[in-house]
Each structure stands twice: as structure tokens, then as C-alpha cells.
Amino acid sequence: MKRHPNLRGLIKLSLFALGFMLLILFADTHLIQTDTIARMTLHEMQEREDIELAFVGSSIVRDHFNAPRITEKTGLNAFCATVPTASMPASIALTRELYRTNSPEWIVMVTEPYNFHTVREVPEAYYRLTPFLSDPSNILDYYLRTCREDGYYIDRLLLFRMYGAQSLSDVAKTIGLRYAPEKTFARLEKDMDPTLSYQGSGFLRHETDERADELIRTVQREYTGYTYELFDGSKEQLRLYKQLCEENGSNLMVVIFPNLTAHALAEPGFLDYNDALMAFCEELGVPCFNFSFARPELMPNLDGYFFDLYHMVGEGADILSDAFCRVFSAYTAGEDVSPLFYANRWEYLDSLTFTPNVWLTAFDPDGEWNPALEQDEARVRALAETQDVYLADCNHYVVYAPEYRFVLRNADGSETLLQDYGVDTLYACAPGSLSGQTLRVYARLRDYPENGEVWYELTIE
């Protein structure tokens, strides 16, 4: 019997489509870059069946919750289920993957305001996580959930195009980590950054003398006048996450990571998002602990442990992990842990009797006025008609007044006083008199000089 030509064409087309899909699948799993620590974390999680306390989130989990230490202190097998830049969609996918082999008693979702300034997720989280998820339905849900928000359907479908291998060594690394992860990691570990050490259970320890002092000086105050709340999409994902935990027999806890103080004082919405999340968790009946609000008797201010604007060295991670264990153990024992935290943002802000950073700018009379500046615009513009004007500003709680000191920083490191501590927030001088010199400003809070000073310097062209 002769086959219908349309049928033959359909079969050929189907075979071509199947071959094309298999080619894409091969490229998406083999011809891509692979995050070594993310892969090892997923591999270890998939091989285990004993996880009792799981921390879920982005690199703020991976770098700051010392799972082996927490296991020792709580008696529960702890694990950090994490990939860098993960937000709510990746957390959902990670947790579904966790439940394929584990039945944790507790899930601790660790968040920060940056998880909620949009319902979208950074695509890099998808690129790092998806190739190693084992459940096709989970992959499809994650794909659709993220694409609905940003429309990157093709980019996520073609991982090899957006996150493709840059060399043959990338391909070898990806294949090795996929099929022989432990052996490949042992080889790769020898060439890893010596300041990093993967200590198992999803925890990556940083040991470096670098600190974020210079970077913190870049965190300048902004104001928009808006009040920031959780998006409806974020609330929907939080409800889904709670349901996912309940369906799998886990208790859910939310922990808010203690970012740098400068973020809380400088960035619009930073505290708003935390407040909105805490209120929504209360509505859901989910315990939520904001470690930014930790009182000194629970945990010291951790600013000095940050080596960049978002991550701490291992000692800071240990302090935070110990504080968490204290709260977790007390809470699960039925004790009231509220005395360990400031009750609200106002109590927290009242505790900030220091300024984390100061900055200095040369005033441009032709530029737009920055509404975040604390200076009198009319006075500044009047001075600028005949003088060079340098404006100092710092991050501080508005009820505490800062004061500033201006000096010339000499080539030998010595200083020449120009204007001693006072409430004046600017320095004015004859036009061009500071050309080629370095102007430094110091800042402190007027009523709390004992809490130290911070500085910033500007080399004048």
C-alpha cells in the first residue's frame, strides 16, 4: 500500500523536530558554563536523605549560614539549598528538588529586600540551577514562572546561547561535574581562589583580609518619596511556598538577612520591604525574624565583617549562625524570643548612634539640585557664585545631627586643618585654590562622638 505523501512529510518533520529538540537538550546540558559550588551543592543535596533543617535562598545563604556549625549546635542535620542570585522562583524550584530525596522538619527561607524590589528573578539563577534539576515538571514550572515575568522564553530555552561555554575547558568542566562531580571537584579545588573553601552542606566560607570600607563610601542616600510594599506576585509566591512546605510536612520560618547598615539608611524601600514582609508573614502565620533588628545581646553589628557590599567573611558567618541557633533553639522550645530583637524600625533606627559612611562632592552650579542633599540650596548657590563649594553628606538617622571636619591630605600623609568639627555641611574656598590637592572630610554624630568617625577624600583636578 502506498503511503500518502503528506504522511511521509509529517513523519520527516516530526523526526527533524525531535532531533532538533535533542540537540538543544544536549547543548543546554553539556555546552554551557557551570558554577562549581552550585553544582556541588545540588549534587550533595540530591545524594542525601537526612536533611532536617534546610536553609533556602541565594548567596546570602551559601556564604553566611555555616551548616556544619548549625548542625553541631542544634542537633539537626542542616543544609544550605542555594544558588547565587536566587529569588522566590529559584527558591521554589530548589525546595521541590530538596523534597525529592529529603523530608526536612524545618525550612528556613532567608531573604533580603533585594528579593522583593521586583517579582522577576535574575536570569543567572536559572542558568546555574536548571541544568541540574532532576524533575521535568519542576523544570517546566520554573521556566514558565520566570518567563511569565520577564518574557525571556527563548533565552531560557537556549541556555547554551546565553550561558554557553567559552572554551573547551568549560565544556570539560561541565561534563566532569555532571558525570563525576566529586572527582572533578577534587581536581578543580586545587585551582580555586585560596580565600574560598567549600565546607560541605552547601556552605562556602570566605577568608580574606579585604573589607568593604571603600565600597561602603559609594552607598549614598537616595529619596524617591514612594512607600514600597510587596508586589501581589511576591505575595502569591510566598503563599505558594508556604503551601509547598505544608504539603511536605515541613515547618516554615523566614529569616531576614542583616545587610550593611548603610543600605538601611540610604536606600528607599529597604526598611519598607522588610516591614511589609514581616507583616505578611504574620498574616500567613509564618514566624519571621529580622536579624537586622538583632539587639547587641543577641548579635553585634556585623558591618566590619563585610568584604563586599553583600557578603561577609567566615567570622561574620559564624556570628550570624550562632545567633540564629540561639533564636531557633529558644523558639522551637516554646520560649519568647522577642526581647532579642528591636520591636520595629523606629527602635532599630534609634540604636544607630553612628554614621556608617560619609561622602564629598564638588558642587556644580550648572547641574540639577539633588533633593537628597541636606544643605540649603539657596545658600549653596549663592556661595557658588564667587567660590568653589564642596558638599559633605553622610548616612545617618534623621534625629541625630552629624558634624563635619575638613582637612587637606598632604603627600606625606599629614593633614592640614581647614575647618574643624561643626554643623556646617560644606566647605567653600577661593576658586581653584585646591587644584591638584586632596580634600578629606570626617564625619561623626554630634551627640555621640565616642562612637567614632568615618572619612572620605576627593582629589581636586
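Parameters and conventions
Residue indices begin from 1 for each chain and proceed along its sequence in written order. Note on the predicted model: pLDDT of at least 70 is required for a residue's local features to be given, and 80 or more for side-chain atom pairs to be given and counted; whole-chain, interface and lining totals, by contrast, use all residues. Values shown for side chains rest on all heavy atoms present in the structure; no hydrogens or waters enter the calculation. Between any two strands, pairing holds if DSSP finds at least two bridges. Helix numbering and strand numbering both begin at the N terminus, where a helix is a DSSP run of H or I of at least 4 residues and a strand a DSSP run of E of at least 2. Note on geometry: axes are lines fitted to C-alpha atoms, helical ones only across the stretch in contact, with angles between N-to-C directions running from 0 to 180 degrees. To qualify as a nonpolar core, a set must consist of buried Ala, Val, Leu, Ile, Met, Phe, Trp, Tyr and Cys residues joined through side-chain atoms within 4.5 Å. The cut-offs for exposure are 20% and 50% of the maximum accessible area for each residue type, with area from a 1.4 Å probe on protein chains only; residues under the lower value are buried, those over the upper are exposed, and the others partly exposed. We call two residues contacting when some pair of their heavy atoms lies within 4.5 Å. Two helices cross in a left-handed way if the nearer one is turned anticlockwise from the farther one by less than a right angle. They cross in a right-handed way if the turn is clockwise. Any residue that is not Ala, Val, Leu, Ile, Met, Phe, Trp, Tyr, Cys, Pro, Asp, Glu, Lys or Arg is counted as polar, Gly included; the first ten are nonpolar and the last four charged. In this description, the arc belongs to the directions extending from the helix axis to the C-beta atoms. Just so you know, the count uses Lys and Arg for positive and Asp and Glu for negative, and it drops His and the chain ends. What makes a salt bridge here is a side-chain nitrogen of Lys or Arg within 4 Å of a carboxyl oxygen of Asp or Glu, nothing more. As used in this structure description, the phrase polar contact means that two N or O atoms lie within 3.5 Å; if the pair is within protein, one of them must be able to donate a hydrogen and the other to accept it, and residues adjacent in sequence are counted only when both atoms belong to side chains. The patches described consist of residues with a relative accessible area above 30% and no salt bridge, like charges being joined within 9 Å and nonpolar side chains (Val, Leu, Ile, Met, Phe, Trp, Tyr) within 5 Å. All accessible-area figures derive from a Shrake-Rupley calculation using a 1.4 Å probe, and residue coverage is judged against the displayed protein chains alone. Note on aromatic contacts: the rings of Phe and Tyr and the six-membered ring of Trp form a pair at centre separations within 6.5 Å, being stacked when their planes are under 30 degrees apart, edge-to-face when over 60 apart, and tilted otherwise. Counted as over-ring charges are cases with an Arg CZ or a Lys NZ within 6 Å of the ring centre that also lie within 35 degrees of the ring normal.

With that settled, consider the pairing of strand β11 (residues 415-422). As paired elements, strand β10 (residues 402-409) and β11 share five bridges and run antiparallel to each other. The partner of Arg409 across the bridge, within β11, is Glu415. Between β10 and β11, which pair antiparallel in sequence order, lie five residues; one of them, Gly413, sits at a positive phi of approximately 95 degrees.

Let us look at the sheet that holds β11. The strand order across the open sheet formed by four strands is β11-β10-β13-β14, and the pairing between neighbours is antiparallel. In the strand order of this sheet, the two ends are held by β11 and β14 (454-459), each with one partner. Each neighbouring strand pair of the sheet contributes to a mean axis angle of 20 degrees, computed without reference to strand direction. Taken together, the six bridges between strand β13 (residues 438-445) and β14 define a ladder with antiparallel strand orientation. By the bridge assignment for β14, Ala443 is matched with Val454.

Moving on to the nonpolar core. Membership of the largest hydrophobic core comes to 54 residues, with the highest contact counts inside it found for Leu53, Phe55, Phe291 and Phe324. The leading source of residues in this core is helix α16 (residues 314-332), at eight residues. The residues touching Phe324, leaving out its near neighbours within four places in the chain, are Leu53, Phe55, Phe65, Ile70, Val108, Met253, Val255 and Phe291. The next biggest cluster of nonpolar side chains, apart from the first, holds 48 residues, and it includes Ile32, Ile51, Ala90 and Tyr99.

Buried residues dominate helix α5 (residues 88-98), accounting for ten of its eleven residues. Within α5, the full set of buried residues consists of Met88, Pro89, Ala90, Ser91, Ile92, Ala93, Leu94, Thr95, Glu97 and Leu98.

Helix-helix packing is described using two parameters, namely the angle between the two axes and the distance between the axes. Two elements in contact, helix α2 (residues 36-47) and helix α11 (residues 181-189), have axes separated by 11 Å at closest approach and are oriented at 150 degrees. The element α2 and its partner α11 pack so that their crossing is left-handed. Listed contacts from α11 to Thr36, Ile37, Arg39, Met40 and His43 of α2 are Pro181, Glu182, Phe185 and Leu188. Class assignment of the residues belonging to the contact of α2 with α11 gives a composition of five nonpolar, two polar and two charged.

Moving on, we come to the sheet that holds strand β7 (residues 288-290). Sheet architecture is open: five strands sit in the order β2-β1-β3-β6-β7, paired in parallel fashion. Every other strand in the sheet has two partners, leaving β2 (78-82) and β7 as the edge strands with one partner each. The sheet shows a mean angle of 20 degrees between the axes of neighbouring strands, taken without regard to direction. Across six bridges, the pairing between strand β3 (residues 106-111) and strand β6 (residues 251-256) is parallel. The residue bridging Ile107 from the neighbouring strand is Leu252, located in β6. Packing of helix α15 (residues 270-284) onto the sheet brings it into contact with β3, β6 and β7, and relative to β6 it is tilted by some 165 degrees.

We now examine α11. All buried positions along α11 are accounted for by Pro181, Thr184, Phe185 and Leu188. The arc that holds every buried residue of α11, seen down its axis, measures 100 degrees, which confines them to one face. Opposite the packed face of α11, turned more than 90 degrees from it, sit the exposed residues Glu182 and Lys183. In this structure, the buried residues of α11 make contact with α2, α10 (168-179) and β4 (196-198).

As a further point, take the side chain of Glu97. One can find Glu97 in helix α5. Buried within the structure, Glu97 lacks any salt-bridge partner; its nearest side chain of opposite charge belongs to Arg100, at an N-O separation of 4.3 Å. Side-chain polar atoms of Glu97 contact the side chain of Ser134, separated by 2.6 Å. Those residues in contact with Glu97, other than ones at most four positions away along the chain, are Leu42, Met45, Gln46, Leu133, Ser134, Asp135 and Asn138.

Our next topic: a nonpolar patch on the surface. Taken together, Leu7, Leu10, Ile11, Leu13, Leu15, Leu18, Leu22 and Leu25 make up a surface patch of nonpolar side chains, about 770 Å² in accessible area. Residue placement: Leu7 occurs in helix α1 (residues 5-30).

Taken as a whole and assessed by the stated rule, the structure comprises 23 aromatic pairs. Judged by centre distance (6.3 Å) and plane angle (65 degrees), the ring pair of Phe257 and Phe306 falls under edge-to-face. Here the residue Phe257 occupies a position in the loop between β6 and α14 (261-266), and Phe306 occupies one in the loop between β7 and α16, the gap between them amounting to 49 residues. Residues Phe257 and Phe306 agree in their burial class; the two are buried. Aromatic side chains Phe289 and Tyr331 sit 5.5 Å apart centroid to centroid with 75 degrees between the ring planes, which places their arrangement in the edge-to-face category. Of this pair, Phe289 sits in strand β7 while Tyr331 sits in helix α16; the two residues are 42 residues apart in sequence, bridging distant segments of the chain. Joined through ring pairs, the aromatic side chains of Phe55, Phe65, Trp106, Phe289, Phe291, Phe324, Phe328, Tyr331 and Phe341 make up one cluster. Geometry around Trp455 places Arg440 over its ring, the cationic atom sitting 3.8 Å from the centre. The residue whose ring lies beneath Arg444 is Tyr421, and the NZ or CZ to ring-centre distance is 3.8 Å.

What follows is about the pattern of salt bridges. For the structure shown, the criterion picks out 28 salt bridges. Salt-bridge contacts for Arg145 lead to Asp141; the nearest nitrogen and oxygen are separated by 3.3 Å. Pair noted here: Arg145 and Asp141 are both in helix α7 (residues 136-150), with a separation of four residues, about one helical turn. For Arg145, a relative accessible area of 10% corresponds to the buried category. In this structure Asp141 comes out as partly exposed when scored by relative accessible area, which is 24%. Put simply, Arg161 and Asp155 hold a salt bridge, and the shortest N to O gap is 2.7 Å. Of the residues examined, Asp155 reaches a relative accessible area of 18% and is grouped as buried.

Nothing here speaks to function; it is all geometry.
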